[in-house]
Amino acid sequence: MKESFLCKNPGCNSQELSFRLYDGQQFCNDHYKEIFSAELISLFEGWVETTEPPDRLKYLIGRFYSENETAFIGKPSLTKAIVQKRSYGWKKGKDCAVFSVVRNPVDKRLGYPYCFEDHQTWSFCISGLTFTFLSEERK
Ligand SMILES: [Zn+2]
């Protein structure tokens, strides 16, 4: 097997032909999930409750959602960009974080019917790496 197709985790002998990139390095699926969730958990645990979560943590939460949850039309869903750029009101509990996002932000100059935003509230729990849609309000 070519060197360029080997998992970057030391000692890994994976023969998988599909690899995933993490910080520009390729890993087999098992090591990708392991490294990804280890950093996610570490950043979550290190996040000081009284502060805004670090950008890297928001990025990883959004990326985790994008890669692991299935979006259906008509069902509330998130994207990496929404979590990263349009989230606010983060509150960290013991196991879960609650946060809000702005969906469909509009240019209010466009006027009716485009002059509203949907604000959704979600929770993300670190123990099961799960997302729960809590509520939506149109503003
Ligand atoms: Zn590996």
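Residues numbered from 1 in each chain as written. Predicted model: local features only at pLDDT ≥ 70, side-chain atom pairs only at ≥ 80, totals over all residues.

Peer 1: Before we go on, may I ask you to explain the overall build of the protein in this structure?
Peer 2: When helices and strands are counted, the protein shows 3 helices and 6 strands. In the protein, of all internal contacts separated by at least 6 residues, the share reaching a separation of at least 24 is 22%. (Helix = DSSP H or I, 4+ residues; strand = E, 2+ residues; numbered from the N terminus. Contact = placed C-beta atoms within 7 Å.)

Peer 1: Teacher, can you tell me more about the nonpolar core here?
Peer 2: Side chains that are nonpolar tend, in soluble globular proteins, to be buried together. Core analysis: the largest hydrophobic core is formed by 18 residues, its most contacted members being I61, L78, V83, V101 and W122. Leaving out residues up to four positions away in the same chain, V101 has contacts with L78, I82, V83, R86, S87, Q120 and W122. (Core = buried A, V, L, I, M, F, W, Y, C linked by C-beta atoms within 7 Å. Buried ≥ 20, exposed ≤ 12 C-beta atoms within 10 Å, placed from the backbone.)

Peer 1: Sorry if this is basic, but what is going on with the pairing of strand 3 (residues 87-92) here?
Peer 2: Pairing analysis gives 4 bridges linking strand 3 to strand 4 (residues 96-103), with the strands arranged antiparallel. Its bridge partner lying in strand 4, Y88 is registered against S100. Linking strand 3 to strand 4, which pair antiparallel, is a turn of 3 residues. (Pairing = 2+ DSSP bridges.)

Peer 1: Explanation requested: the sheet that holds strand 4 in the structure shown.
Peer 2: As a general point, the strands of a sheet are linked pairwise by backbone hydrogen bonds and lie either parallel or antiparallel. If you trace the 4 strands from one edge of the open sheet to the other, you get 3-4-5-6, paired in antiparallel fashion. Either end of the sheet is taken by a strand with one partner, and the two such strands are strand 3 and strand 6 (130-138). With strand direction ignored, the average angle separating the axes of adjacent strands in the sheet is 20 degrees. (Axes fitted to C-alpha atoms, helices over the stretch in contact; angles between N-to-C directions.)

Peer 1: What exactly am I supposed to notice about the environment of K33 here?
Peer 2: Note that K33 resides in helix 1 (residues 29-46). The sequence separation of K33 and Y22 amounts to 11 residues, and the corresponding C-alpha distance is 9.6 Å.

Peer 1: Just checking my understanding: could you explain the packing of helix 1 against helix 2 (residues 55-68) for this structure?
Peer 2: Packed helices, taken two at a time, are described by the angle between their axes plus the distance between the axes. Two elements in contact, helix 1 and helix 2, have axes whose closest approach is 10 Å; the angle formed by their N-to-C orientations is 135 degrees. If you check the angle between helix 1 and helix 2, you find them oblique. For the pair helix 1 and helix 2, the sense of crossing is left-handed. The residues of helix 2 that touch helix 1, namely those facing E39, L40, L43 and F44, are R56, L57, L60 and F64. Taken together, the residues of the contact of helix 1 with helix 2 break down into 6 nonpolar, no polar and 2 charged. (Parallel < 35°, antiparallel > 145°, perpendicular 65-115°, else oblique. Left-handed = near helix turned anticlockwise from the far one by under 90°. Nonpolar A, V, L, I, M, F, W, Y, C, P; charged D, E, K, R; others polar.)

Peer 1: Explanation requested: helix 2 in the structure shown.
Peer 2: For an α-helix, 3.6 residues make a turn, and residues three or four places apart therefore share a direction. Taking 1.5 Å of rise per residue, 14 residues should cover 20 Å, and helix 2 covers 20 Å from first to last C-alpha, within 8% of that figure. Among the residues of helix 2, L57, L60, I61, G62 and Y65 are the ones counted as buried. Its buried side turned inward, helix 2 meets helix 1, helix 3 (80-85), strand 5 (118-125) and strand 6. (Expected span 1.5 Å × (residues − 1).)

Peer 1: What is the right way to look at unusual backbone geometry in this model?
Peer 2: Peptide bonds are, in most cases, trans, and in most cases residues other than glycine have a negative phi. Even without glycine at this site, D23 takes up a positive phi of about 50 degrees. Here D23 lies in the loop between strand 1 (20-22) and strand 2 (25-27). The residue L129 is not glycine, and still its phi comes out positive at about 50 degrees. Secondary-structure assignment places L129 in the loop between strand 5 and strand 6. For L129, a count of 17 C-beta atoms within 10 Å puts it in the partly exposed group.

Peer 1: Looking at this model, I keep getting lost on helix 1. Mind explaining?
Peer 2: Over its 18 residues, helix 1 extends 26 Å from the first C-alpha to the last, a length consistent with the 26 Å expected when each residue adds 1.5 Å. Within the span of helix 1, buried status applies to H31, Y32, F36, L40 and F44. Tucked inside the fold, the buried residues of helix 1 contact strand 1, strand 2 and helix 2.

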